[in-house]
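For reference, the chains in residue letters:
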Amino acid sequence: MKILLVEDETGLSDSISSYLKQEGYLCEVVKDYKSADEKIELYQYDCILVDINLPDGNGLNLVKSLKRLKAQAGIIIISARNAVDDKIEGLDLGADDYLSKPFSLAELNSRIKSVLRRRKFEGNNEILFNEITLKPAESTVYVKGVVLNLTKKEYDLILFLINNKNRVLTKETIAEHLWGDDMDMADSYDFIYTHIKNLRKKLMDKGCEDYVKTVYGMGYKFSAE
Amino acid sequence: MRLLTKNTLILLLVALVVFSVGGFIFYAQLKNIMNEEAVEALYAKKQEVEHYVSNNHKLPESVSFEELLSFAESQTPIDERLSDQLIYIETEEEELPYKQLCFNLLFEGKNYTCTISTSLLEADDLIETIFSSFAIIIVLLIAVFITINFLFSKVIWKPFFKTLKQINDYDIEKHQVLTIDSNSTKEFQQLNEAIVKMTQKISNDFNNLKSFTENASHELQTPLAIIKNKTEVLLQTEGLTDEQAKQIIEINQTASRLSKLNQTLLLMSKIENNQFSVTETLNFTQILTNKLKQFEDLIEMKQLKIISSLENVEVNFHPILADMIVSNLLSNAIKYTAEKGEIKLELTPVGFKISNQGKALKAGADKLFTRFYKENEDATSTGLGLALVKQIAIINKHKVNYEYLHSSHTFTYFFHD
């Protein structure tokens, strides 16, 4: 999978590209509008991450160029603005998703995966993790071929965990993914624990191993080790 | 006081002074002329009498009406003298003013004192008539002047009031340039030019400041994103001690908090600048139920009991702002209610009320809505939530109230002021 990252902040592009490389993607980084425009004319990418504010242009114009080229790449806009108008304009132009800074790398990773799934497999693929099979098209989870009854939140949770498997996810990151911005008003993220506990129980009831690991003082990790 | 009234009053005052002084001078001069006329008439009479005597060699007969003429013998010739006299006239039964001329007449070797009098009554009458006509003309003149002033001031001041209306209607948020029609009055033209220039400057400054605030806020988000992402990468490092992990998570959370604070401040300045002035009809009941659903997990975790009585209410509101007040007030209630406590929600067309049990505030209720006020030293709170609610209420001409009764905190948001 080839990803093009258009971001002028080195600090940010370094973290993102190293994270994505660990995930097994081929990640190319460009720092300005001009080189990004050249790249998309010449090469094919599976997903393009575009910052709106570039030193020499507006990232939204790259979205326009991609649409003009009828590129198959998924597009995720990264912006320092969380302004509603920017969001709507970007999505109207044909971007697949929108992330406002600051965002967590786990969240970005999860968004890239779902964009790729929609684009590449039209949602008809399966995510496998040992005896667990996720079918995003029908939002269902199977353990050893048997359907697992999950609530919407539990499904979102297991998808997020598996998308970011083998990584420590803080409670905050999980809460933000599942509940959005509103939940930062809660004084603790303890309410996540209930959902983790329920999910873990349902998985183990179906004879699954305990993959949801609690990392003390940090958060949770979905891992077979 | 209106300019027109002020103008008219000054005009009246000046007219009164000018006309009373002028009238007095006019009167005095008129009187003087009349006097001189009377004196001339008396001297003419004197010549006539002397002529008569030298021609006819006898004294003319005394006349007792109009121009009185009398003769009296005297031992010595008298000096000629002119005097004003009041003479009692029987028919009129009163004393009337007369001008008198006494002179010596030599007739047949004897001295006679001849007295000629002429009535000043007619002259007085004339003066009175002239003076009163004069007064009537003045009053008429003033009346006409004031009427014209009132009538024409509407026409003359029309461009001024038009400009005034345009200034009143001017809204800096609408980014329109104020265009004022030119007009023939030089002063108004100058005023209009000055206003157009001023509004252009204000508009430029406003936009500069606004984009500066927004850009500064946005620029802050990128370094915060870097901090957050770097800590996230750091957290994946093998062999971190608990203490190290805790520190890293704290850095991460603080960066989140800073970002949240920044976003809220940006939002508040946007609200202040009326960037959310467009409203639409919203089903407020729906907003509340959706929010309750969103907070379901928190409510369940604290085992809170929600008692709600929600009427079906539609309000004109900006959707983001409506969401924000509900979100802030509800999360506030959830946060400050003890486990297994109760939260009461009530929605009527007048407004909505949210109350929860809890300890009394340490500070006064008036402090509650101020920026950065925190009831507790709570690291997760920005201290801006209620200030934001208040701000939203103000720009929408709504009202938000807080009261503490029977150990229950109640916030009421009214859809009117």
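The numbers attached to residues start from 1 for each chain and follow its sequence in the written order. Chain letters and ligand numbers both follow the written order, the letters beginning at A and the numbers at 1. Given that this is a predicted model, residues contribute local features only at a pLDDT of at least 70 and side-chain atom pairs are listed and counted only at 80 or more, while totals for whole chains, interfaces and linings are drawn from all residues. With hydrogens and water stripped out, all remaining heavy atoms of the structure feed into the side-chain values.

## A look at a nonpolar patch on the surface
Residues and elements named next belong to chain B.
Right, so step 1: Surface patches are drawn from residues lacking salt bridges whose relative accessible area is over 30%; two like charges belong together within 9 Å, two nonpolar side chains (Val, Leu, Ile, Met, Phe, Trp, Tyr) within 5 Å. Only the protein chains shown count as cover for residues, and the accessible areas themselves come from Shrake-Rupley with a 1.4 Å probe. Salt bridges are defined as contacts in which a side-chain nitrogen from Lys or Arg sits within 4 Å of a carboxyl oxygen from Asp or Glu. Taken together, the side chains of Val-144, Ile-148, Leu-151, Phe-152, Val-155 and Ile-156 define a hydrophobic patch exposed on the protein surface, amounting to about 580 Å² of accessible area.
Right, so step 2: For Val-155, the location among the structural elements is in helix H2 (residues 121-169).
Right, so step 3: Its relative accessible area of 57% is what places Val-155 among the exposed residues. Helix and strand assignments follow DSSP, with helices taken as H or I runs no shorter than four residues and strands as E runs no shorter than two, numbered in order from the N terminus. When accessible area is computed with a 1.4 Å probe and restricted to protein chains, residues below 20% of their type maximum are described as buried, those above 50% as exposed, and intermediate ones as partly exposed.

## Side note on the sheet that holds strand S1 (residues 2-6) of chain A
Residue and element names in this part refer to chain A.
Right, so step 1: Following DSSP output, two strands are said to pair if at least two bridges run between them. Strand order across the open sheet formed by 5 strands is S2-S1-S3-S6-S7, with parallel pairing between neighbours. The open sheet terminates on both sides in strands that have one partner only, identified here as strand S2 (26-30) and strand S7 (97-100). Taken over all neighbouring pairs, the strand axes of this sheet differ in orientation by 20° on average, direction set aside.
Right, so step 2: Across 4 bridges, the pairing between strand S6 (residues 74-79) and S7 is parallel. Counterpart to Ser-79 in the pairing with S7 is Ser-100.
Right, so step 3: Working rule for contacts: check all heavy atoms of both residues, and any pair within 4.5 Å makes them a contact. Here an axis means a line fitted to C-alpha atoms, over the contact stretch when the element is a helix, while the angle between two N-to-C directions is reported on a 0 to 180 degree scale. Its contacts with the sheet place helix H1 (residues 10-22) against S1, S2 and strand S3 (47-51), and it is angled at close to 165° to S2.

## Observations concerning the environment of Asp56(A)
Residue and element names in this part refer to chain A.
Right, so step 1: Looking at where Asp-56 falls in the secondary structure, it is placed in the loop between strand S4 (53-54) and strand S5 (57-58).
Right, so step 2: Linking Asp-56 and Asp-8, residues 48 residues apart in sequence, is a C-alpha distance of 9.9 Å.
Right, so step 3: Beyond its immediate chain neighbours, meaning those up to four positions away, Asp-56 contacts Asp-32, Tyr-33 and Lys-34.
Right, so step 4: Among the polar contacts made by the side chain of Asp-56, one reaches the main-chain amide nitrogen of Lys-34 at a distance of 3.2 Å. Whenever a nitrogen or oxygen atom comes within 3.5 Å of another N or O atom, the pair is scored as a polar contact, on the condition that within protein one atom can donate a hydrogen and the other can accept it, and that pairs from neighbouring residues in sequence are kept only if both atoms are in side chains.

## A look at empty space enclosed by the protein
Right, so step 1: Cavities and pockets are found on a 1 Å grid laid over the protein atoms alone: a cavity is a set of points where a 1.4 Å probe fits but cannot escape, a pocket is an open set with protein on both sides within 12 Å along at least five of seven lines, and a lining residue has an atom within 4 Å of such a point. Grid points are joined across faces, edges and corners, and a volume is the space filled by probe spheres set on the points. This structure, assessed with the given rule, holds 5 cavities of 30 Å³ or more.
Right, so step 2: In this structure, the largest cavity occupies an estimated 80 Å³ of space.
Right, so step 3: In terms of lining residues, the largest cavity is bounded by Phe103(A), Ser104(A), Thr170(A), Glu172(A), Thr173(A), Glu176(A), Lys228(B), Asn229(B), Glu232(B) and Asn252(B).
Right, so step 4: At the level of elements, helix H7 (171-179) of chain A together with helix H3 (186-235) of chain B are the ones that each hand at least two residues to the lining of the largest cavity.

## What to know about the packing of aromatic side chains
Residue and element names in this part refer to chain B.
Right, so step 1: Stacked, edge-to-face and tilted are the three classes for Phe, Tyr and Trp ring pairs, Trp counted by its six-membered ring, which pair at centre distances within 6.5 Å; planes under 30 degrees apart are stacked, over 60 edge-to-face, the rest tilted. Within this structure, the stated rule accounts for 17 aromatic pairs over all chains.
Right, so step 2: Relative to Phe-411, the ring of Tyr-402 has its centre 5.0 Å away and its plane inclined at 50°; by these criteria the two rings are tilted.
Right, so step 3: Here Phe-411 falls in the buried class, since its relative accessible area comes to 6%.
Right, so step 4: Feature note: the residues Phe-284, Phe-317, Phe-352, Tyr-413 and Phe-415 constitute an aromatic cluster, connected by ring pairs.
Right, so step 5: We note Lys-46 situated over the ring of Phe-103; from NZ or CZ to the ring centre the distance is 5.4 Å.
Right, so step 6: The ring of Phe-414 carries Lys-399 above its face, with NZ or CZ at 5.0 Å from the centroid. By definition here, charges over rings are those cases where NZ of Lys or CZ of Arg is within 6 Å of the ring centre and within 35 degrees of the ring normal.

## Notes on the confidence of the model for chain B
Residue and element names in this part refer to chain B.
Right, so step 1: Averaged over all residues, the pLDDT of chain B is 84; the fraction at 70 or higher stands at 97%.
Right, so step 2: Per residue, pLDDT captures the predictor's confidence, and it can take any value from 0 to 100. Ranking the elements of chain B by mean pLDDT puts strand S1 (residues 68-74) last, at 80, and strand S8 (residues 342-348) first, at 92.
Right, so step 3: Interface predicted TM-score (ipTM) for the complex: 0.85; the corresponding pTM is 0.66.

## Some thoughts on the interface of chain B and chain A
Right, so step 1: Counting residues at the interface gives 38 residues for chain B, matched by 38 residues for chain A.
Right, so step 2: Between chain B and chain A lies a buried interface of about 3,400 Å² when both sides are counted; carbon and sulfur atoms form 56% of it.
Right, so step 3: At the junction of chain B and chain A, the tally comes to 1 salt bridge.
Right, so step 4: Our count for the chain B to chain A interface comes out at 11 residue pairs in polar contact (both at pLDDT 80 or more).
Right, so step 5: Counting only elements with at least two residues in the side of chain B that touches chain A, the list comes to H3, helix H4 (242-272), helix H5 (284-294), helix H6 (296-301) and helix H7 (319-336) of chain B.
Right, so step 6: In terms of residues, the side of chain B that touches chain A owes the most to one element, H3(B), which gives 14 residues.
Right, so step 7: The residue classification treats Ala, Val, Leu, Ile, Met, Phe, Trp, Tyr, Cys and Pro as nonpolar and Asp, Glu, Lys and Arg as charged. All others, Gly included, are polar. Of the residues that constitute the side of chain B that touches chain A, the class distribution is 12 nonpolar, 16 polar and 10 charged. Note: buried area is the sum, over both parts, of the accessible area (probe 1.4 Å) each one loses when the two are combined.

## A closer look at the sheet that holds strand S12 (residues 168-170) of chain A
Residues and elements named next belong to chain A.
Right, so step 1: Here we have 3 strands laid out as an open sheet, ordered S12-S14-S13, and antiparallel in their pairing. Strands with a single pairing partner mark the edges of an open sheet, and in this sheet they are S12 and strand S13 (212-215). Pairs of neighbouring strands in the sheet enclose a mean axial angle of 35°, with direction left out of account.
Right, so step 2: Direction of pairing for S13 relative to strand S14 (residues 219-222): antiparallel, over a ladder of 4 bridges.

## Looking at the side chain of Asn109(A)
Right, so step 1: Secondary-structure assignment places Asn109(A) in helix H5 (residues 105-120).
Right, so step 2: The contact partners of Asn109(A), leaving out residues within four places of it in the chain, are Tyr19(A), Glu23(A), Tyr25(A), Asn163(A) and Asn164(A).

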